[in-house]
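Results of the structural survey
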Amino acid sequence: MNSKTAARSILGKLSITLALLMISCLALGQSNKKPESAPAAPSASKRAPAAQRPAPPANRGPAQNSAQGRPNNASNTTHGPNAAHGAPAGSNGAGGANSARGMNNARGPNGAAGANAAHGANNARGAKAAGGANADRGMNNTRGANTAGGANAGHALNASRTTTAAHRGPPTTTREIKTRSGASVQASYKGGHVRTIQAHNMKIEHSAHGQRRIETVHNGRRVVSTGGHRGYMERPYLNRGGRTYVQRTYYVGSRSYVYAYRTYYYGGAPYYGYAPAYYYQPVYYGWAYNPWPAPAYYRWGYYNDPWYGNYNYYYQPYPAYPSASPWLTDYILSENLRAAYEASLAGKASPLRAPFNQSEDLTASLWSSDSLIAGNLDAAYGAALYMSAGKESGSASQAQLSPEVKQALAEEVKQQIAADKSSAETSQQAASKGDELPPALDPKHRIFVASSNLDVTTTDGTECQLSQGDVIERASDTADADNNVEMVVKSAKKDDCSAGTHAGVATSDLQEMHNHFRELIDAGMKSLAEKSGKDGLPAAPDTSTKAGEVPAPAPDGNVDSELQQQQKDADQTEAEVPQQDSGGE
């Protein structure tokens, strides 16, 4: 080998060696260098409250709205347009316009601290309250649009457990209107139609189904009208033990009756509690609470009544009674349905009467499940006869008011019987100091029977109506800022809220339902005492009475005239208020 060839060989080997050394150095440098990363998550001290942390993606996959989505697959990621945490950190932030690891990701054309990145404009504690309108637990997350964890979910603007916003319903427009007489009234419109009118001392409310309720307060008296010749007058009654009692004289048709109520507060809200004028002897309550020696086969007298014909698709009485509580349950339901039927006819035609004063045997012989025969019977004899013609032994399983719901109500009745027995034994009076937990919020009381027509707003924002005799269950024990709680409809009549509907209901309305429930229990106990040993019922022990919480008040005698004058005043006020929203003042 000559010297030139040897030199070229040595230079080639040196070049290769130097190249290998340079590659090794570069590799070593890269292994010691920290990689680029997305911005670190905020420290615990800077995070939103744990209860508002983002929920997992709905399907736990690389969905469009998932956290840390794959490149170009996460256009609305966790740190996206409506994410939690504070004001924008800059005009064009890290993670780009569509945030960390998103479509325009780190070091993209819209660099550090993007306009809608983490700490975005619609953040927690922002203009639309804790959690933001679509904040933590965002719109497309695990538990769906309106449930806990969804767009209107726990801890957000429309939280679960029946917040007012969760049952907001149709938008309301309120306008101040000058009447021809120069008075100013506030008119509220929903769906373009007037729903509420607030005058100086009068409030007029229209339900979604058109019923009108009028309330006036004057000289310490409150008058409430619920229809033609229907309503009550309330006024102070007496003071006892630091407690103020009021009396209400109810007027229905041509009948009047009166009850006393104690007034008290809970959570800063006023409540009325039914104050019984008498108790029965404890032994009578024990007889009503415990099983009877043998089941009683009692035949109710309402099978031919028009109200029963109208509602027998919904309600069927028990075939037999092993104790008083199921009997009282049927008494409560039937009285509520009777009242609902009469209220539906108020101001309309007189209640239907079955023709010929027919016997139960005749009506039973005319009843048929065949639709063609039923139509002919209806045409020939009238709905009142045909609809009331079913035997009481008709299939109770077909009634919309199920045995399970009736059993739950019977347990409420039994519980109240026990409470009345305790009061009768101890002559217990209501506490006079401190807040008193109302039955409307008491965890011991969950089942309620609607005692009047009532509009409610469901969790999806729609309105529906409850009417007297519908059964609901309170689903939460804590009221929101507007004293509403969540309830679920257990059983309801046609055209009312469907069974299973979740909606908000005012605690004051639940309290009125419970008061009426207790009033009907007392009326039913009175009826049982009068029927003792008759009509298939067992003989009761001592049914005498003793003093109750307050003496029985005397009914006021001018209630009907007050109601009629109130109706005229309301008519005049409404005549001066546009019934449709004109869009102006």
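What this report covers is the structure whose coordinates are included nearby. If you're wondering where the values come from, they're calculated on a predicted model, not measured in any experiment.

Helix and strand counts for the protein come out as 10 helices and 18 strands. The burial tally for the protein puts 41% of its 585 residues in the buried class. A separation of at least 24 residues holds for 60% of the contacts in the protein among residues at least 6 apart in sequence. Here the protein displays about 30300 Å² of accessible surface, and carbon together with sulfur accounts for 52% of that area.

Taken as a whole and judged by the stated rule, the model has 27 salt bridges. Between Arg213 and Glu205 there is a salt bridge, and its shortest N-O distance comes to 3.6 Å. The exposure class assigned to Glu205 is partly exposed, which follows from its relative accessible area of 28%. One salt bridge in this structure joins Arg255 and Glu342, with 3.5 Å as the shortest N-O distance.

Turning our eyes to something else, we now look at helix H9 (residues 507–530). Every α-helix carries 3.6 residues per turn, so stepping three or four residues along brings you back to the same face. Compared with the 34 Å implied by 1.5 Å per residue over 24 residues, the 35 Å span of H9 between its first and last C-alpha is a close match. Of all 24 residues in H9, 18 are buried; the element is thus mostly enclosed.

Once that is clear, we can look at the sheet that holds strand S10 (residues 269–275). Whenever strands of a sheet pair, they do so through backbone hydrogen bonds, lying parallel or antiparallel. On the basis of which strands lie adjacent, the open sheet formed by 10 strands has the order S1-S2-S3-S4-S5-S6-S7-S8-S9-S10 and antiparallel pairing. Strands at the two margins of the open sheet, each flanked by one partner only, are strand S1 (172–178) and S10. Here the average twist between neighbouring strands, direction ignored, is 25°. Sheet analysis places strand S7 (residues 230–240) next to strand S8 (residues 243–252), joined by 10 bridges and oriented antiparallel. Looking at S8, one finds that Glu234 is bridged to Arg248. Across the face of the sheet, H9 comes into contact with S8, strand S9 (255–266) and S10 while running at roughly 5° to S10.

Attention now goes to the sheet that holds strand S15 (residues 471–474). Sheet architecture is open: 6 strands sit in the order S12-S15-S16-S17-S13-S14, paired in antiparallel fashion. Across the chains shown, the open sheet's two edge strands, defined by having one partner strand only, are strand S12 (447–449) and strand S14 (463–466). Going from strand to strand, the sheet's axes swing by 45° on average, the running direction of each strand aside. For strand S16 (residues 484–491) and strand S17 (residues 502–506), the ladder comprises 5 bridges, and the chain directions are antiparallel. Bridged to Val485 within S17 is Val505.

What follows deals with the packing of aromatic side chains. Ring pairs (aromatic) are described by centroid distance and by the angle formed between their planes. Per the stated rule, a full pass over the model turns up 26 aromatic pairs. Look at Tyr264 and Tyr271: their rings are 6.0 Å apart centre to centre, the planes differ by 25°, and that puts the pair in the stacked class. Residue Tyr264 is classed as buried on the basis of its relative accessible area of 5%. Plain terms: the ring middles of Tyr278 and Tyr280 are 5.6 Å apart, the flat faces sit at 90° to each other, and that makes the pair edge-to-face. For Tyr278, a relative accessible area of 27% translates into the label partly exposed. Taken together, the aromatic side chains of Tyr298, Trp300, Tyr302, Tyr303, Trp307, Tyr308, Tyr315, Tyr318, Tyr321, Trp327 and Tyr331 make up a single cluster linked through ring pairs. Above the plane of the ring of Tyr318 lies Lys406, whose end atom (NZ or CZ) is 3.9 Å from the centre.

Let's shift gears to the environment of Met513. With respect to the helices and strands, the residue Met513 is situated in helix H9. Since its relative accessible area comes to 4%, Met513 is described here as buried. Other than its neighbours up to four places away in sequence, Met513 contacts Phe448, Val449, Ala450, Ser451, Leu454 and Ile472.

Conventions we followed
- Residues numbered from 1 in each chain as written.
- Predicted model: local features only at pLDDT ≥ 70, side-chain atom pairs only at ≥ 80, totals over all residues.
- Heavy atoms only, no water.
- Helix = DSSP H or I, 4+ residues; strand = E, 2+ residues; numbered from the N terminus.
- Buried < 20%, exposed > 50% of the residue type's maximum accessible area, 1.4 Å probe, protein only.
- Contact = heavy atoms within 4.5 Å.
- Areas by Shrake-Rupley, 256 points an atom, 1.4 Å probe, with all protein chains shown as cover.
- Salt bridge = Lys/Arg side-chain N within 4 Å of Asp/Glu carboxyl O.
- Expected span 1.5 Å × (residues − 1).
- Pairing = 2+ DSSP bridges.
- Axes fitted to C-alpha atoms, helices over the stretch in contact; angles between N-to-C directions.
- Phe/Tyr/Trp six-rings, centres within 6.5 Å; stacked < 30°, edge-to-face > 60°.
- Lys NZ or Arg CZ within 6 Å of the ring centre and 35° of its normal.

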